[in-house]
Amino acid sequence: MMNRKFNILLRFLIILLFVTTLTSCSRKNKSVVAEIGDEKIYSYEFEEQYVKNEPNVDSLKNKPIEQKREMLDRYIDLRLKVKDAKDKGYLDLPEIKDEISEYKRNTYTFLLDKDVVIPGIQKLYDRKKYEIRISHILVSLPLTATGEDTVKAYAKAELALRKLKDKEDFAQVAKELSDDPSAKSNGGDLYYFTGGTLVPEFEDAAFSLNEGEYTKKPVRTQFGLHIIKVTGKRKNIESISLSHIFFTEKRDSAGVASDSMEVVSKVLEVQEKLKNGENFEALASQYSMDQQTAPNGGLLGVMKRTQIPVPIDSAISSLKVGKVIGPIRSQFGWHFVKINQVNELLPYERIKESLKSEFKRSDAYKKAYSQYMDKVRKEYKFEINYGNIGIMKIHLDSNLLFSQINLDSAFMQQDKSIIMASFNGGEVKLEDILLYLKNSPMFSNRTPLYKALVDIINEGSTPILLNYVAQKRNIEKDEEYQSQFNDFLYGILKFKVEQEEVNSKINIKEEEIQNYYEQNKNKYTYTDSSGVKVRSYDEVKMQAANDLQQQRAKDLDKAYLDRLRQKYPVKVHDSILEKTFKNL
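Residues numbered from 1 in each chain as written. Predicted model: local features only at pLDDT ≥ 70, side-chain atom pairs only at ≥ 80, totals over all residues. Heavy atoms only, no water.

Draft legend 1. Summary view of the sheet that holds strand β4 (residues 189-193). Across the sheet, which stays open at both edges, the 4 strands sit in the order β4-β3-β6-β5 with antiparallel pairing between neighbours. The sheet is open, and its two edges are formed by β4 and β5 (219-221), each paired on a single side. For this sheet the average axis-to-axis angle between neighbouring strands, irrespective of direction, equals 40 degrees. Judged from the 3 bridges that link them, β5 and strand β6 (residues 224-235) form a sheet pairing that is antiparallel. Looking at β6, one finds that Val219 is bridged to His226. Each of β3 (130-140), β5 and β6 touches helix α7 (residues 147-165); the most contacted strand, β6, lies at about 40 degrees to it. Contacts from helix α10 (residues 200-207) reach β3, β4, β5 and β6, with the element oriented near 155 degrees to β5. (Pairing = 2+ DSSP bridges. Helix = DSSP H or I, 4+ residues; strand = E, 2+ residues; numbered from the N terminus. Axes fitted to C-alpha atoms, helices over the stretch in contact; angles between N-to-C directions. Contact = heavy atoms within 4.5 Å.)

Draft legend 2. Molecular detail of the side chain of Ser135. Structurally, the position occupied by Ser135 is in strand β3. In this structure Ser135 touches Phe170, Gly188, Asp189, Leu190, Ile227, Ile228, Lys229 and Thr231, once residues within four positions along its chain are discounted.

Draft legend 3. Seen up close, the nonpolar core. The biggest cluster of nonpolar side chains holds 87 residues, and the ones touching the most others in it are Phe46, Tyr372, Met392, Leu396, Phe402, Met420 and Leu466. For this core, the leading source of residues is helix α6 (residues 107-128), giving 10 residues. With residues up to four places along the chain from it excluded, the contact list for Phe402 reads Leu396, Leu437, Phe443, Ser444, Arg446, Thr447, Pro448, Leu453 and Ile456. Core analysis: the second largest hydrophobic core is formed by 13 residues, Ile240, Leu319, Ile339 and Val342 among them. (Core = buried A, V, L, I, M, F, W, Y, C linked by side-chain atoms within 4.5 Å. Buried < 20%, exposed > 50% of the residue type's maximum accessible area, 1.4 Å probe, protein only.)

Draft legend 4. Seen up close, the environment of Ser243. Checked against the element boundaries, Ser243 lands in strand β7 (residues 237-247). Judged by its relative accessible area of 3%, Ser243 falls in the buried class. Between the alpha carbons of Ser243 and Thr293 there is a distance of 8.2 Å; along the sequence they are 50 residues apart. Contact partners of Ser243, with chain neighbours within four places excluded, come to Phe280, Gly297, Gly298, Leu299, Leu300, Phe336, Val337, Lys338 and Asn340.

Draft legend 5. Highlighting the packing of α6 against helix α14 (residues 352-360). In the contact formed by α6 and α14, the axes pass within 9 Å of each other and the chain directions differ by 105 degrees. Regarding the angle of α6 to α14, the classification is roughly perpendicular. Of α14, the residues touching α6 (which contributes Asp113, Val116, Val117, Ile118, Gly120, Ile121, Leu124, Tyr125 and Lys128) are Lys352, Leu355, Lys356, Glu358, Phe359 and Lys360. Grouping the constituent residues of the contact of α6 with α14 by class yields 8 nonpolar, 1 polar and 6 charged. (Parallel < 35°, antiparallel > 145°, perpendicular 65-115°, else oblique. Nonpolar A, V, L, I, M, F, W, Y, C, P; charged D, E, K, R; others polar.)

Draft legend 6. Representation of the pairing of β6 within the structure. Bridge count between β3 and β6: 11 bridges; the pairing is antiparallel. If you follow Ile132 over to β6, its bridge partner there is Lys233. In this antiparallel pair of consecutive strands, β5 and β6, the connection spans 2 residues.

Just distances and angles here, no functional claims.
Following this line, the structure appears as structure tokens:
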């Protein structure tokens, strides 16, 4: 049972994460770096094993041969266990076959990753390299607007476009016509944004413009119609570390400052001291009215630029480390700001997984996924059998949520073979839809009304349809897929063989735990006012048992590997090992 649970968890993690190797590894180095018995280990296999888990590829390139040998030894240990498992016939075990079949039933997730997610995050990363300053003119138009209101909204947007075409100032047109309340004071200026921070339609339009250009047609979003102008563009950064010296006025209940002249006097005093080269941190400790940061020399810490008040962000546009800017007036008070550190945007491969997570949570992913599925359904002539929805509906209580319905008892066995959808190359049965409902929480809070059932059939058919597409495209021959499948296969074989050769042989008796405790009392000490003391056996029995179990497992694992190295002689080619990682 434990084996099964582990394998399911391992499979889920691998499918979810889809850890991929660097594109620079795509030109595979097929030099043989080691041999175990009659099996060869190629340089690219060894390199990929570490590249996918190493954020700093340069550190791999520069590792000395001794460290590479340690890394290769660990990989050889894995391959020895996998080879032994294969030679013992584990691939023919029913539970291993089931795990492999289950993995392959989820091939569609790889296809989605390849066709939707990877292109999406590449575009997202390209946009994140920059920040663009955006102004807009908004014409309110709810998604539920009447036809008459829609006509009026588009007429107003066209009026704004005519004024812009006649060379009227964008900010003035925004003040005159925009329904964005802030436009009256800022002329429609929204300040800087980077990729992944705006609704998809707005962002796509904005990032298609060059500086100084505006959209020639209204852009529709859930907020209404937008005319968008890009007024600036700058390089994006990951984060920035700042310190500040802060001053603010005391205000009465009416919001009137009572000590403005005194504060201005202190601001000018500090400004003069900074000009004379006095230490910023010392002045912050002495003068700053920010009680939280003053003791630390005014250190604000590391932050995203979007967290910085606009007046300060505008003033520090040069981003020169060590530069002191000020005084700057913000809505909070007066600031002198010092730039301590600027952290550049990390390379694509370093943040690939976080980009995936960000993209999959976004409206941009929902849009891309929807467009992709529409294209696939059209290409493969996917059709729902609407006539059978009624048969499905009569078995379900429309007063209950799906989470409250016992799907196993709601349908007879013969009902489950009903065809709910078909496509060129396959069909989707009711039993497929019911299995999807059991495993997916997406519809658990909906009732089985007609529209919900249509949505469920569409989504429940997706794995079957995409698995067929993957089969037609020979995805299982894709190098990246094979690499991920091998990771999965090696993981379950390693776990299975360790269960048999190591874990199942750990049998610890009470007296062994007590002997271990007696021999290792120094591990179970504590200190009080009277000095160092040893905890009693009863206090640490569970901990001692766990420590002994880990030690026994380590010893058994070493003995097992020693036997494997005798069974499968290992040969390492140091001249090849020396060259590994050099061409990443």
